[in-house]
Amino acid sequence: EGAAWRHHRKLTAPAFTERNNLLVWDETLEQAQAMLSSWSSSGGGKTIDQVAGDTMRLSLNVINHAGFGKKTSWQTSSDETAIHHDLPNGHTMTFTGSLKYLLKNVLTIMIVPKPILKSIPNARLNKCYTSYSEWGQYMREMIQTKKTDLQTSKSDRTTTDLLGQLVKGQDTDSKGTRLALTDSEVMGNLFVMMIAGHETSANSIASSIFRGN
């Protein structure tokens, strides 16, 4: 509530367009078909016991694409550790790997002070800090890339996702008054949208599958 909420509401609402809805729809169909194909290829008569886990993967893959412009195949998203030899320079986890671990341990990351997560001799807590740090670094890099894309002919093709729409709205008025969200606020809003849409969507899809059977 209040002026801060109205300010954020005004600047984030335009990101939810019919164009983005179409992107979500198309990506959901593609990921759902890939999920069903993986089930059918597992062998006739075999019980599928990972429905909830797979719908979590499905919703995360959709958010990666529709939210951040990161296309994730069904095969590569199955890697739980997400540690690869072909990581981008300056990174120790993949984008999907850092995001998955961040979501899985979000309460720990929010509650425990970051210096403790980083320095305490505990592998799980250290990885919590790494996922938090890596995701933040990826987001800052993607925001900068979107800003560059907006100044080139790529802008129409690469700013359909939520991140692109928010970055597109980062402007000031003719008097130089700050109207837009800062990079940090863009990251915060995307994180809230991701938290709100990831698990709830996955559970809804899983419930629909169970009821349909």
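Residues numbered from 1 in each chain as written. Predicted model: local features only at pLDDT ≥ 70, side-chain atom pairs only at ≥ 80, totals over all residues. Heavy atoms only, no water.

Asks: What's the story with the packing of aromatic side chains in this structure? I'm lost.
Replies: Centre-to-centre distance and the angle between the planes together describe a pair of aromatic rings. Applying the stated rule across the entire model yields five aromatic pairs. Pairing Phe68 with Phe95 gives two aromatic rings, centres 5.5 Å apart and planes at 75 degrees, and the pair type is edge-to-face. Here the residue Phe68 occupies a position in helix α3 (residues 51-68), and Phe95 occupies one in helix α4 (residues 95-104), the gap between them amounting to 27 residues. With respect to class, Phe68 is no different from Phe95; both count as buried. When the ring of Tyr129 is compared with that of Tyr132, the centres are 6.4 Å apart and the planes differ by 45 degrees; the resulting orientation is tilted. With Tyr129 and Tyr132 both in helix α7 (residues 123-150) and three residues apart, this pair spans about one turn of that helix. Linked through ring pairs, Phe68, Phe95, Trp135, Tyr138 and Phe191 together constitute an aromatic cluster. A cation over a ring is seen here: Arg57 above Trp74, with NZ or CZ 3.8 Å from the ring centre. (Phe/Tyr/Trp six-rings, centres within 6.5 Å; stacked < 30°, edge-to-face > 60°. Helix = DSSP H or I, 4+ residues; strand = E, 2+ residues; numbered from the N terminus. Buried < 20%, exposed > 50% of the residue type's maximum accessible area, 1.4 Å probe, protein only. Lys NZ or Arg CZ within 6 Å of the ring centre and 35° of its normal.)

Asks: Before we go on, may I ask you to explain α4 in this structure?
Replies: What sets the pattern is the α-helix's 3.6 residues per turn: residues three or four places apart point alike. Most of α4 sits out of view: nine of its ten residues are buried. Listing the buried residues of α4 in full gives Phe95, Thr96, Gly97, Ser98, Leu99, Lys100, Tyr101, Leu102 and Leu103.

Asks: Any chance you could explain the nonpolar core here in plain terms?
Replies: Generally speaking, soluble globular proteins have nonpolar side chains that are buried together. Of all hydrophobic cores here, the largest spans 30 residues; its most connected members are Phe68, Trp135 and Met139. Contributing elements (two or more residues each) for this core: α3, α4, α5 (106-111), α7, α9 (162-168) and α10 (183-212). Counting residues per element, this core draws most heavily on α7, at seven residues. Grouped together as the second largest cluster of nonpolar side chains are seven residues, Met35, Val51, Trp74 and Ala206 included. (Core = buried A, V, L, I, M, F, W, Y, C linked by side-chain atoms within 4.5 Å.)

Asks: What exactly am I supposed to notice about the pattern of salt bridges here?
Replies: Any two side chains of opposite charge can pair if their charged atoms end up close together. Counting across every chain of the model gives five salt bridges. The partner of Arg57 in a salt bridge is Asp54, with the nearest N and O atoms 3.6 Å apart. Note that Arg57 and Asp54 are positioned in helix α3 at a spacing of three residues, about one turn of the helix. Of the residues examined, Arg57 reaches a relative accessible area of 14% and is grouped as buried. Using a relative accessible area of 7% as the deciding quantity, one classes Asp54 as buried. With a shortest N-O distance of 2.6 Å, Lys146 and Asp161 are connected by a salt bridge. (Salt bridge = Lys/Arg side-chain N within 4 Å of Asp/Glu carboxyl O.)

Asks: Mind showing me how you'd approach a nonpolar patch on the surface here?
Replies: There is a patch of nonpolar side chains on the surface, built from Leu22, Trp25 and Leu29 and spanning about 330 Å² of accessible area. With respect to the element layout, Leu22 can be found in helix α2 (residues 18-40). (Patch = residues over 30% accessible without salt bridge, like charges linked within 9 Å, V, L, I, M, F, W, Y side chains within 5 Å. Areas by Shrake-Rupley, 256 points an atom, 1.4 Å probe, with all protein chains shown as cover.)

Asks: Honestly, the packing of α2 against α3 in this entry has me stumped. Any pointers?
Replies: Geometry of a packed helix pair, given as the angle between the helix axes and the separation of the axes. As a packed pair, α2 and α3 sit with axes 9 Å apart at the nearest point and diverge in direction by 145 degrees. Note on packing geometry: the crossing formed by α2 with α3 is right-handed. Contacts between α2 and α3 involve Asn20, Leu23, Val24, Glu27, Thr28, Gln31, Ala32, Met35 and Trp39 on the former and, on the latter, Val51, Asp54, Thr55, Leu58, Asn61, Val62, His65 and Ala66. The residue inventory of the contact of α2 with α3, partitioned by class, reads nine nonpolar, six polar and two charged. (Axes fitted to C-alpha atoms, helices over the stretch in contact; angles between N-to-C directions. Left-handed = near helix turned anticlockwise from the far one by under 90°. Contact = heavy atoms within 4.5 Å. Nonpolar A, V, L, I, M, F, W, Y, C, P; charged D, E, K, R; others polar.)

Asks: How should I be thinking about the confidence of the model for the protein chain in this particular structure?
Replies: Low-pLDDT portions of the prediction should not be read for the details of their coordinates. Averaged over the protein chain, the pLDDT score is 83; the fraction of residues at 70 or greater is 84%. Confidence scores differ between elements of the protein chain, with helix α8 (residues 155-158) showing the lowest mean pLDDT of 56 and helix α6 (residues 114-119) the highest of 94. Note on residues 80-84: pLDDT is under 50 here. Beyond four places in sequence and across chains, it has nine contacts. (pLDDT = per-residue confidence, 0-100.)

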